[in-house]
There are 2 protein chains.
Amino acid sequence: EIALCAANVFDYNLLTGLHVVVTAGPTREAIDPVRYITNQSSGKMGYAIAEAAAEAGARVTLISGPVNLPTPTRVKRIDVVRAEDMYNASMAVVDEGCDVFIATAAVADYRPSVTAEHKIKKSTEEIHLTLVKNPDIVAAVSAHAKRPFTVGFAAETRDVVAYAQAKLDNKKLDMIATNDVSGENVGFNSDNNALTVIWPGGHKVLPLAAKRQIAKQLIELIAIRHKRD
Amino acid sequence: EIALCAANVFDYNLLTGLHVVVTAGPTREAIDPVRYITNQSSGKMGYAIAEAAAEAGARVTLISGPVNLPTPTRVKRIDVVRAEDMYNASMAVVDEGCDVFIATAAVADYRPSVTAEHKIKKSTEEIHLTLVKNPDIVAAVSAHAKRPFTVGFAAETRDVVAYAQAKLDNKKLDMIATNDVSGENVGFNSDNNALTVIWPGGHKVLPLAAKRQIAKQLIELIAIRHKRD
């Protein structure tokens, strides 16, 4: 009933006239044509945020890694696989101009330094793989000349708030949302989530609720903070 | 019309009284609590084979990695994540006794030598990952004292038939099914497949068709070869 109530007061003009970009899902970093490194991101939180932003009146571009989710209504979706593809797609929309960038994607921080052209055979006892850093998308967006209001996500398994606060400062973000993915009832693959949202000088806890509900609350916070900037 | 015809003559008692075990899907090998190595297997071919075996009258156990598929009717499903879990589950059913073992799973050949307890931070420029070999499930089944009729799968991107023939010989399999996963219309994630099925002294090409249809044709071949043994 509380959730229903909160939904009813949701302002459907909060983001009217704004272009909101959301990244979502995992990326896949190929070892060879068959094997890759990825993570457990289902994309559900990012898709819920894209949907809530569209419901709040924004024009929404969703840059998505490989997920099994339908595209929300009135959302333009760009599909990517690798972190480098997501970086390039993100830079292209920020170059064009956007107002808010919400980086929910669980981008692979590292990729294999080389991708084998053919499937690696099982001939050696050990494989030594060198992983190199992928470009940091949200940091690049935040440092861009046409910088939008930039929101990061931090999925951690320990010291959750401390890491998120450090990320907010280091990457000069306007806001960061953080959840503890070590529990079973929140985060990756779950339909529920709980977030702690931090901005310079303040924070708000969004307690456990359906991801759609959490998404609307986050969009409200973003609209308020964006207006003040 | 040919496909329909083949479906119509499918013998619903081909495998009556037999216990058929099918492995399916990918496995996930954890780097840390968030990141893992996996592959593109959707599990569709294995699930279609489990369904066809059940329709042919067999008692079916399906040992499945993480996939987004419903369990076929009258099939007992055991869920696993890592290759070592799939090995242990497979050995348990072969220890108990089964008649046919069909290894369709795209088991990760290698796993990280260590799994980090917490998410690896993005603090170093490079990560050096040592991958060690996973147990070879189909070879272990084929070498088991209570050896069932053992069918392997080979997903290759080149020299497909030569590699499959070598695998048949080296692992002493009764049959191997091989497909070229480099094309877009077959193999991983597609609803269609084309297989070359090889056994000691013979082979049969199953041309491009729906995976359900290919599964029935493979079950027919297995039933014929199993009866002759």
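Bear in mind the structure is a predicted one, so any value in this text is a computation, not a measurement. (Residues numbered from 1 in each chain as written. Chains lettered and ligands numbered in written order. Predicted model: local features only at pLDDT ≥ 70, side-chain atom pairs only at ≥ 80, totals over all residues. Heavy atoms only, no water.)

Chemist: Help me understand the overall build of chain A, please; the structure alone is not making it clear to me.
Modeler: A count of helical and extended segments in chain A gives six helices and twelve strands. Restricting the contact set of chain A to residue pairs at least 6 apart, pairs at least 24 apart contribute 62%. (Helix = DSSP H or I, 4+ residues; strand = E, 2+ residues; numbered from the N terminus. Contact = heavy atoms within 4.5 Å.)

Chemist: Explain the pairing of strand S8 (residues 126–133) of chain B here, please?
Modeler: Regular strands show a simple pattern: their side chains alternate between the two faces of the sheet. Where strand S8 (residues 126–133) of chain A and S8(B) come together, seven bridges link them in antiparallel fashion. When the sheet's bridge partners are listed, Ile127(A) is paired in S8(B) with Leu131(B). Across three bridges, strand S7 (residues 110–112) of chain B lies against S8(B) in antiparallel orientation. Paired with Arg111(B) across the two strands is Val132(B), which belongs to S8(B). (Pairing = 2+ DSSP bridges.)

Chemist: Sorry, what's going on with the relation of the copies chain A and chain B here?
Modeler: Taken as rigid bodies, chain A and chain B are interconverted by a rotation of 180 degrees and an axial shift of 0.0 Å, the fit giving an RMSD of 0.0 Å. Each copy turns onto its partner about a two-fold axis. Ranked by how close their C-alpha atoms come to the rotation axis, the residues of chain A are headed by Ile37(A), at 2.2 Å. (Least-squares fit on C-alpha atoms with pLDDT ≥ 70 in both.)

Chemist: Is there a simple way to think about the sheet that holds strand S3 (residues 35–39) of chain B in this case?
Modeler: Backbone-to-backbone hydrogen bonds join strands into a sheet, with any given pair of strands oriented parallel or antiparallel. A sheet is described by the order of its strands in space; here four strands give the open sequence S2(A)-S3(A)-S3(B)-S2(B), paired in antiparallel fashion. On the outer flanks of this sheet lie strand S2 (29–30) of chain A together with strand S2 (29–30) of chain B, each paired with one strand and no other.

Chemist: What's the story with the interface of chain A and chain B in this structure? I'm lost.
Modeler: Quite often, the size of an interface is put as the accessible area lost when its parts meet. Each partner contributes to the interface: chain A provides 37 residues, whereas chain B provides 37 residues. Here chain A and chain B share an interface that buries about 3,800 Å² over both sides, 50% of which is from carbon and sulfur atoms. Its largest share of buried area at the contact with chain B, chain A owes to Tyr110(A), Lys122(A) and Lys133(A), together 17% of the area lost on that side. Counting the contacts that link chain A with chain B gives four salt bridges. (Buried area = accessible area lost by both parts, 1.4 Å probe. Salt bridge = Lys/Arg side-chain N within 4 Å of Asp/Glu carboxyl O.)

Chemist: Can you help me understand the pattern of salt bridges in this one?
Modeler: Opposite charge on two side chains permits pairing when their charged atoms draw close. Residue and element names in this part refer to chain A. Enumeration over the complete set of coordinates arrives at 24 salt bridges over all chains. Note that Asp32 and Arg35 form a salt bridge whose closest N and O atoms lie 2.5 Å from each other. One exposure class covers both Asp32 and Arg35, and it is buried. The network of salt bridges with shared partners includes Arg82, Glu84, Asp85 and Arg111. (Buried < 20%, exposed > 50% of the residue type's maximum accessible area, 1.4 Å probe, protein only.)

Chemist: Explain the environment of Ser90(A) to me, please; I cannot follow it from the model alone.
Modeler: Residues and elements named next belong to chain A. As for its placement among the helices and strands, Ser90 is situated in helix H3 (residues 83–96). Put simply, Ser90 and Thr71 are 19 residues apart on the chain and 18 Å apart in space, counted from C-alpha to C-alpha. The contacts of Ser90, once residues within four sequence positions are left out, are Thr23, Ile63, Phe101 and Ile137.

Chemist: Just checking my understanding: could you explain the packing of helix H2 (residues 44–55) of chain B against helix H6 (residues 211–228) of chain B for this structure?
Modeler: Helix-helix packing is characterised by the crossing angle of the two axes and by the distance between the axes. Residue and element names in this part refer to chain B. At their nearest, the axes of H2 and H6 sit 8 Å apart, and the two run at 55 degrees to each other. The angle between H2 and H6 places the two elements in the oblique class. You can see that H2 and H6 cross each other, and the crossing is right-handed. On H6, the residues that touch Lys44, Met45, Ala48, Ile49, Glu51, Ala52, Ala53 and Glu55 of H2 are Lys211, Arg212, Ile214, Ala215, Lys216, Leu218 and Ile219. When its residues are assigned to classes, the contact of H2 with H6 shows nine nonpolar, no polar and six charged. (Axes fitted to C-alpha atoms, helices over the stretch in contact; angles between N-to-C directions. Parallel < 35°, antiparallel > 145°, perpendicular 65-115°, else oblique. Left-handed = near helix turned anticlockwise from the far one by under 90°. Nonpolar A, V, L, I, M, F, W, Y, C, P; charged D, E, K, R; others polar.)

Chemist: How should helix H5 (residues 160–170) of chain A be read in this particular structure?
Modeler: Residue and element names in this part refer to chain A. Regarding H5, the residues found buried are Val160, Ala164 and Leu168. Projected down its long axis, H5 carries its buried residues within an arc of 65 degrees, all on one side. Of the exposed residues in H5, those oriented more than 90 degrees away from the buried face are Ala162 and Asn170. Trailing H5 by a residue or two, Lys172 shows a phi angle of about 50 degrees, which is positive. (Arc of directions from axis to C-beta.)

Chemist: So what exactly am I meant to see when it comes to helix H6 (residues 211–228) of chain A here?
Modeler: One turn of an α-helix holds 3.6 residues; hence residues three or four places apart share an orientation. Taking 1.5 Å of rise per residue, 18 residues should cover 26 Å, and H6(A) covers 26 Å from first to last C-alpha, within 8% of that figure. Taken together, the buried positions of H6(A) are occupied by Lys211(A), Gln213(A), Ile214(A), Ala215(A), Lys216(A), Leu218(A), Ile219(A), Leu221(A), Ile222(A), Ala223(A) and Arg225(A). (Expected span 1.5 Å × (residues − 1).)

Chemist: Explain the sheet that holds strand S7 (residues 110–112) of chain A here, please?
Modeler: What the four strands build is an open sheet, ordered S7(A)-S8(A)-S8(B)-S7(B); its pairing is antiparallel. The open sheet is flanked by S7 of chain A together with S7 of chain B, the only strands paired with a single partner. For this sheet the average axis-to-axis angle between neighbouring strands, irrespective of direction, equals 40 degrees.

Chemist: How should I be thinking about unusual backbone geometry in this particular structure?
Modeler: Residue and element names in this part refer to chain B. Of note, Arg74 is a non-glycine position whose phi angle comes to about 60 degrees, a positive value. We classify Arg74 as exposed; its relative accessible area is 58%. Backbone geometry places Lys172, a non-glycine residue, at a positive phi of 50 degrees. Summarising the element assignment, Lys172 is placed in the loop between helix H5 (160–170) and strand S10 (175–180). Relative accessible area serves as the criterion here: at 60%, Lys172 is assigned to the exposed category.

Chemist: Whenever I open this one, the side chain of Ser64(B) confuses me. Can you help?
Modeler: All names here are of chain B. The topology assignment puts Ser64 in strand S4 (residues 59–64). Of the polar contacts made by the side chain of Ser64, one reaches the side chain of Tyr47; its length is 2.7 Å. Excluding residues that lie within four positions of it along the chain, Ser64 makes contacts with Ala24, Tyr47, Arg77, Ile78, Asp79, Val80 and Met86. (Polar contact = N/O pair within 3.5 Å; in protein donor to acceptor, adjacent residues only side chain to side chain.)

Chemist: Explain the environment of Thr61(A) here, please?
Modeler: Residue and element names in this part refer to chain A. For Thr61, the location among the structural elements is in strand S4 (residues 59–64). Separated by 101 residues in the primary sequence, Thr61 and Ala162 place their C-alpha atoms 30 Å from one another. A polar atom in the side chain of Thr61 sits 2.7 Å from the side chain of His19.

Chemist: Please explain the environment of Ile31(A) as it appears in this structure.
Modeler: One can find Ile31(A) in the loop between S2 and strand S3 (35–39). With 80 residues separating them in the primary sequence, Ile31(A) and Arg111(A) have C-alpha atoms 8.2 Å apart. In this structure, Ile31(A) is in contact with Tyr36(A), Ile37(A), Pro112(A), Val114(A), Thr115(A), Ala116(A), Ile120(A), Leu129(A) and Ile37(B), ignoring residues within four places of it in sequence.

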